[in-house]
Amino acid sequence: MYIVRLHDRTIRSSSFSGIEMWILLLILILLVMIIIILTMRPTAPVGLRVAGPAQRVDTGIAYQRYFNGDPGLAGDMAADANWSEIRTRNDLELFRNMNSKVLRLYEWNYTVPHNLFISDITASGLMFQLPISNYVMGFQSGPYDVPNFYNAVLNEITDGNRYKESVHSIAVSNEPYLSFGEQAFSYIDRAINDILAVEAARGITGNLPPITVPSTFANINNEGPGIYEARRLNELPSVQRLGDRFVHSINTTNPADSIKNEFADVYQKPFAITEWGLSPQNYPEGQYAAALQSETEKILEYARTGAIPLRALFGFLYFKQVWKEGSELNFGFTCFPDHPNLQNCLQTQTCPPRGAQLGLYAEDNSLLALARAYGGTLSGVNFGQCPPLRVIR
């Protein structure tokens, strides 16, 4: 006999039968399994989502500097002193119409305000990737300065104990192995630990954005394109602390099938492409834009069907890089019609002004190709016309 008390009423019953005991045991086992499954599900960080088939890819654009000026401000598109002029061209409206949802920035000067940019991008519904550049990392010039940088930056990109909704992700360095070799990994480990320490000290716990390290797609040590850096980064203690909050990134001009077969199928973890494009010199004249659209559509389809765990893709590059030399001058979706022959303009102090008009290429319009691949259109910016694209081979 057993006794059950319900609201002071005593109910007497005979003992459980063997079948009833087995049913109860099965129910308990099912409940335990459900609890285990629910607790093991990863918490998806903002921006670079963790998901399976029918994956949403965050489409974006690389938004790098193109003008001269104060060395401390020249690369920071979002600084108030720069954005106050840039914003008049309506780039954000264009990106929204392109269905380009995220801007990848390359510099962020923590000694100056970014109020206008943050206000504008929040109002637009777009997001941005916060850069911790190689200059802040101590790879190129100046000392390692991540703790001071991040303490100051959090004042601008958080509300209370939460990151702002417009913060998509945090990019630590850019192609660090190329800049510093094997020592780069210890710097990355230190920087991520410092970011986490500053967040903890400030009590930042909400809306935590993913952290990524944009890396080369080079075949280092014959491990396969992009694999060596991905493996070494995932071995870092700080990256292991991050868990699903870390999403590896690659910069590549390889076609979609190469990325799938040589990297994604080998790496088998979520990743982003922080610089995406093709090399114009590899395509016949007038066929680059069509190839870009086709390859972009293919890689997005691979992601959306779950064939590759791609989380974000940034078209490279909105501005023509007029301060560079050689084949790197091929990159850039736009040109400067009033400054057609600029090269190494930072050295000659002849870079276009911040608010310079942009132009598009009439016969090989790669920005239109990117917009079509993203499912959008080109509208919002008053573009001029570029001279014919002269590919440097």
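Anyway, here's the lowdown on the structure attached to this text. (Residues numbered from 1 in each chain as written. Predicted model: local features only at pLDDT ≥ 70, side-chain atom pairs only at ≥ 80, totals over all residues. Heavy atoms only, no water.)

Side note on the overall build of the protein
Counting secondary structure elements, the protein contains 14 helices and 15 strands. Relative to its 393 residues, the protein shows a buried fraction of 52%. Taking the intrachain contacts of the protein between residues at least 6 apart in sequence as the baseline, contacts between residues at least 24 apart amount to 72%. When the accessible surface of the protein is totalled, it reaches about 17,900 Å², and 52% of it is carbon and sulfur. (Helix = DSSP H or I, 4+ residues; strand = E, 2+ residues; numbered from the N terminus. Buried < 20%, exposed > 50% of the residue type's maximum accessible area, 1.4 Å probe, protein only. Contact = heavy atoms within 4.5 Å. Areas by Shrake-Rupley, 256 points an atom, 1.4 Å probe, with all protein chains shown as cover.)

A short note on unusual backbone geometry
Phi angles above zero are rare outside glycine, and Asn-90 is one such case at about 70 degrees. Along the polypeptide, Asn-90 turns up in the loop between helix H2 (80-86) and helix H3 (91-98). Despite not being glycine, Glu-175 has its phi angle at roughly 50 degrees, a positive value. With respect to the element layout, Glu-175 can be found in the loop between strand S8 (167-172) and helix H7 (176-180).

Points about the environment of Pro-225
Summarising the element assignment, Pro-225 is placed in the loop between strand S10 (214-215) and helix H9 (227-234). Separated by 29 residues in the primary sequence, Pro-225 and Asn-254 have C-alpha atoms spaced 9.7 Å apart. Those residues in contact with Pro-225, other than ones at most four positions away along the chain, are Phe-217, Ala-218, Asn-219, Glu-262 and Phe-263.

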